[in-house]
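If you want the building blocks of each chain, they are given just below.
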Amino acid sequence: MSLERAVRAKIASKRDPLQDKEAQEWVETILGRKFPAGVAYEDYLRDGVVLCELINKIKPGSVNKINTSGGDFKMMENINKFQAACKAYGVSDLDVFQTVDLWEKKDIAMVTTTLFALGRETYRHPEFTGPSLGPKPSEECKREFSDDVLNAGQSIIGLQAGSNKGATQAGQNMGASRKILLGK
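Residues numbered from 1 in each chain as written. Predicted model: local features only at pLDDT ≥ 70, side-chain atom pairs only at ≥ 80, totals over all residues. Heavy atoms only, no water.

An unreviewed UniProt entry lists the chain under the name Transgelin, with Parthenolecanium corni given as the organism.

See the structure below:
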């Protein structure tokens with residue numbers, strides 16, 4: 001097997017049809033319409049129009065002009081606009097797919113990962129009233145301690161430091177002891 005085929009097989013193995021279906025259902029819910037029957041998930045998303053409509057439903061005005069015609073370059077521009085809008089919304093750069101991942105269908109699993117990251121980010125935006133996708137992200141739990149409490153902690157040795165109470169080197173004789181034979 002060639003290296004290229006091995007890489008493609010590895011990328012394809014990351015793809016989870018259940019996650020694709022869950023992401024598709026979430027997009028359909030947000031947009032208020034179903035994907036056309038007989039059209040594959042990645043094919044329907046490929047031109048970026050649906051993705052731009054999705055981000056505009058989540059945060060109105062994110063993509064000001066969606067290209068519906070004009071060739072491949074214009075369709076790829078839609079994908080780039082969606083990616084920029086996701087990053088502006090708060091999705092991490094690491095969670096945003098590359099344009100070729102969708103356009104050339106190189107890594108559809110990463111496209112689904114981006115949709116899940118966008119769905120999780122909606123939890124952090126109370127202005128969005130629609131459903132979210134994926135688990136709720138953790139929130140910071142900042143604590144404030146008084147100076148008295150902080151000073152009291154200075155004299156305590158934490159358990160992570162361990163303890164040497166009662167420690168000796170007795171019994172440190174590992175294995176058999178050395179036997180010295182004296183010659184006659």
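Asker: Can you help me understand the pattern of salt bridges in this one?
Answerer: Where charged atoms of side chains with opposite charge meet at close range, the side chains can pair. Going through the model one piece at a time under the given rule, you end up with 9 salt bridges. With its nearest N and O atoms 3.7 Å apart, the salt bridge here joins glutamate 28 to lysine 34. Between lysine 87 and aspartate 93 there is a salt bridge whose closest N-O contact spans 4.0 Å. Here aspartate 93 falls in the exposed class, since its relative accessible area comes to 52%. (Salt bridge = Lys/Arg side-chain N within 4 Å of Asp/Glu carboxyl O. Buried < 20%, exposed > 50% of the residue type's maximum accessible area, 1.4 Å probe, protein only.)

Asker: What exactly am I supposed to notice about the packing of helix α5 (residues 72-89) against helix α7 (residues 108-121) here?
Answerer: Put simply, α5 and α7 touch, their axes get as near as 10 Å, and they point 35° apart. The element α5 and its partner α7 pack so that their crossing is left-handed. For the pair α5 and α7, the contacting residues are Phe82, Cys86 and Tyr89 in the first and Thr114, Leu115, Leu118 and Glu121 in the second. When its residues are assigned to classes, the contact of α5 with α7 shows 5 nonpolar, 1 polar and 1 charged. (Axes fitted to C-alpha atoms, helices over the stretch in contact; angles between N-to-C directions. Helix = DSSP H or I, 4+ residues; strand = E, 2+ residues; numbered from the N terminus. Left-handed = near helix turned anticlockwise from the far one by under 90°. Contact = heavy atoms within 4.5 Å. Nonpolar A, V, L, I, M, F, W, Y, C, P; charged D, E, K, R; others polar.)

Asker: Quick question: what am I supposed to make of the packing of aromatic side chains here?
Answerer: Any pair of aromatic rings gets described here by the distance separating the centres and the angle formed by the planes. This structure, assessed with the given rule, holds 2 aromatic pairs. Between the aromatic rings of phenylalanine 35 and tyrosine 44, the centroid separation amounts to 4.5 Å while the plane-to-plane angle is 50°, which identifies the pairing as tilted. The ring of tryptophan 103 has arginine 46 lying over it, and the distance from NZ or CZ to the ring centre is 3.8 Å. (Phe/Tyr/Trp six-rings, centres within 6.5 Å; stacked < 30°, edge-to-face > 60°. Lys NZ or Arg CZ within 6 Å of the ring centre and 35° of its normal.)

Asker: Which parts of the structure should I look at to understand a nonpolar patch on the surface?
Answerer: A cluster of nonpolar side chains, Phe145, Val149 and Leu150, forms an exposed patch at the surface whose accessible area comes to about 300 Å². Within the element layout of this structure, valine 149 appears in helix α8 (residues 147-152). On the basis of relative accessibility, which here comes to 47%, the residue valine 149 falls in the partly exposed class. (Patch = residues over 30% accessible without salt bridge, like charges linked within 9 Å, V, L, I, M, F, W, Y side chains within 5 Å. Areas by Shrake-Rupley, 256 points an atom, 1.4 Å probe, with all protein chains shown as cover.)

Asker: Can you walk me through the environment of glutamine 98 in this structure?
Answerer: By secondary structure assignment, the location of glutamine 98 is in the loop between α5 and α6 (99-103). Assessed through its relative accessible area of 53%, glutamine 98 is described here as exposed. Along the primary structure glutamine 98 and glutamine 83 are separated by 15 residues, whereas in three dimensions their C-alpha atoms are 8.4 Å apart.

Asker: I would appreciate a short explanation of helix α2 (residues 17-31) in the present structure.
Answerer: Count 3.6 residues to each turn of an α-helix, and residues three or four apart come out pointing the same way. Taking 1.5 Å as the rise per residue, α2 with 15 residues should run 21 Å; its terminal C-alpha atoms sit 21 Å apart, in good agreement. Listed as buried for α2 are Asp20, Ala23, Trp26, Val27, Glu28, Ile30 and Leu31. Of the surrounding secondary structure, the elements contacted by the buried residues of α2 are α3 (41-45), α4 (49-58) and α7. In this structure aspartate 16 caps α2, since a side-chain oxygen of it lies 3.1 Å from the backbone nitrogen of leucine 18. The first or second residue beyond α2 is glycine 32, which carries a positive phi of 80°. (Expected span 1.5 Å × (residues − 1). Polar contact = N/O pair within 3.5 Å; in protein donor to acceptor, adjacent residues only side chain to side chain.)

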